[in-house]
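Below, each chain spelled out in residue letters.
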Amino acid sequence: MNAQELLRLDRAHVWHPYGPMPGTADPYVVESAAGVRLRLADGRELVDGMASWWAAVHGYRHPVLDAAVTDQLGRMSHVMFGGLTHAPAVTLARRLVEAAPGELAHVFLCDSGSVAVEVAVKMALQYWRSAGRSAKRRLATWRGGYHGDTFHPMSVCDPEGGMHQLWRGVLPAQVFAPPPPGGADAPVDPGYVAALETTLAAHAPELAAVIVEPVVQGAGGMRFHHPGYLRALRELCDAHDILLIFDEIATGFGRTGEFFAAAHAGVAPDVLCVGKALTGGYLSLAAALCTPRVARGISRGAVPVLAHGPTFMGNPLACAVANASLDLLDTGAWRADVARISAGLAAGLAPLRAVPGVADVRVLGAIGVVQTAGPVPVDRAAAAAIAEGVWLRPFRDLIYVMPPYITDDSDIARLCRGVGAAVEASVYQ
Ligand SMILES: *Cc1c(COP(=O)(O)O)cnc(C)c1O
């Protein structure tokens, strides 16, 4: 099938993320990918600034990850997880427990980030139900978050960015605090913490859990906040008998400069969600980890089981490549790479602050963000970056990069030029 034929059929039959049907803009056809480069069907090569939605931290066709999949394929690609177990899943669970903060000793493996959030919510609600406190079934969060696209995760996404209007009457109504004050370096605002306390105290009898993304709010707006707010949340949740869920699906595995973003704050949640970079971007896999307190609480209830069991739970191929990805992270090279990328992005994006129409430029870990004064014309901005040999996928008023950790300095500089071109195409449209 040539690229034209493929695009025709794509338009006729294939939904794309957040897209209409039939599609209105042609996607680019990718033929292969290696290292940090995507190769398009027309032969163009693009440096990938997105790491395939923040997952491909080691880049594409990494020999260690390829070998892990091939090796596992020679044994079994999948077996059911009910009544059976296997080394890739057990090894992965143990390694996640070792890497996780605090006492997160129990691991529920599932297929995607949204499902991990569903499971985390189910754990929290069932914990209180098992304790005879079923009134505690709402969730609280701060605005500006993103937790996935299935219904419960959607209910804790930012109410404005998260389509709550469309789903009024369908989504469970959750409790929202204002967004955390911006800036990882700005001092903690005691007024904000006091308001948070008022909200949580007022709703404590009906709150099962607070769920937040620690330090970086990703798809909800690429905003950074001071880790002190996470310490405050930990204290408030303890004081008011509320569980704390950290969604590290975007922040986990080194992206923010710590292995888990919770380490910036030195606190641990009761439930932790991981996904995205878990398999180095190779296969869909996520997990919800919980403490013995949560697990024991659930097991003491009238229904002593967690009634959840995805068909592809603990998929051996995905677990094997996740273990290989953790092997690569275990070398510790990511820490220097993320710091190097951070410095490169800070230097490369700084000049954009002076461009009229740019509202903010911010960098944290291997995340670089340019926020414009108005909405970005996504297709036009992406095309401008492509002309610089760069793949970007802006959204709303955000042109950002979250590249693979292996991206070298010259490719980081290229990414910054791509962002610059996308900014120019947006503010001078
Ligand atoms: C991407 C993301 C999710 C959803 O994960 P999927 O695998 O897309 O379902 C949830 N939470 C956060 C913070 C995310 O970035």
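Above this note sits the structure.
Residues numbered from 1 in each chain as written. Predicted model: local features only at pLDDT ≥ 70, side-chain atom pairs only at ≥ 80, totals over all residues. Heavy atoms only, no water.

A. Inspection of empty space enclosed by the protein at higher detail. Across all of its chains, the model carries 1 cavity of 30 Å³ or more by this definition. Approximately 50 Å³ is the volume attributed to the largest cavity. Ala140, Thr141, Trp142, Val175, Phe176, Ala177, Leu196, Thr199, Leu200, Val210, Val212 and Leu233 together form the lining of the largest cavity. Listing elements by their share of the lining of the largest cavity, those giving two or more residues are β5 (138–142), β6 (175–177), α7 (190–203) and β7 (207–212). (1 Å grid on protein atoms, 1.4 Å probe; cavity = no way out; pocket = protein on both sides within 12 Å on 5 of 7 lines; lining within 4 Å. Points joined across faces, edges and corners; volume = space filled by probe spheres on them. Helix = DSSP H or I, 4+ residues; strand = E, 2+ residues; numbered from the N terminus.)

B. Fine view of the sheet that holds strand β14 (residues 367–372). Within the open sheet, the 3 strands sit side by side as β13-β14-β16. Their pairing is antiparallel. Since the sheet does not close on itself, it has two edges, and those belong to β13 (358–364) and β16 (398–401), each with one partner. Between one strand and the next, the sheet's axes are offset by a mean angle of 10°, whatever the strand orientation. Both β14 and β16 contribute to a ladder of 4 bridges, which runs antiparallel. Each bridged residue has a counterpart across the sheet, and for Gly368 the counterpart in β16 is Val401. (Pairing = 2+ DSSP bridges. Axes fitted to C-alpha atoms, helices over the stretch in contact; angles between N-to-C directions.)

C. Molecular detail of the packing of helix α4 (residues 87–99) against helix α11 (residues 316–330). Closest axis-to-axis distance for the α4/α11 pair is 8 Å, and the angle between their directions is 40°. Considering their axes alone, α4 and α11 lie oblique with respect to each other. For the element pair α4 and α11, the recorded crossing hand is left-handed. Where α4 abuts α11, its residues Pro88, Ala89, Thr91, Leu92 and Arg95 lie against Pro316, Cys319, Ala320, Ala322, Asn323, Leu326, Asp327 and Asp330. (Parallel < 35°, antiparallel > 145°, perpendicular 65-115°, else oblique. Left-handed = near helix turned anticlockwise from the far one by under 90°. Contact = heavy atoms within 4.5 Å.)

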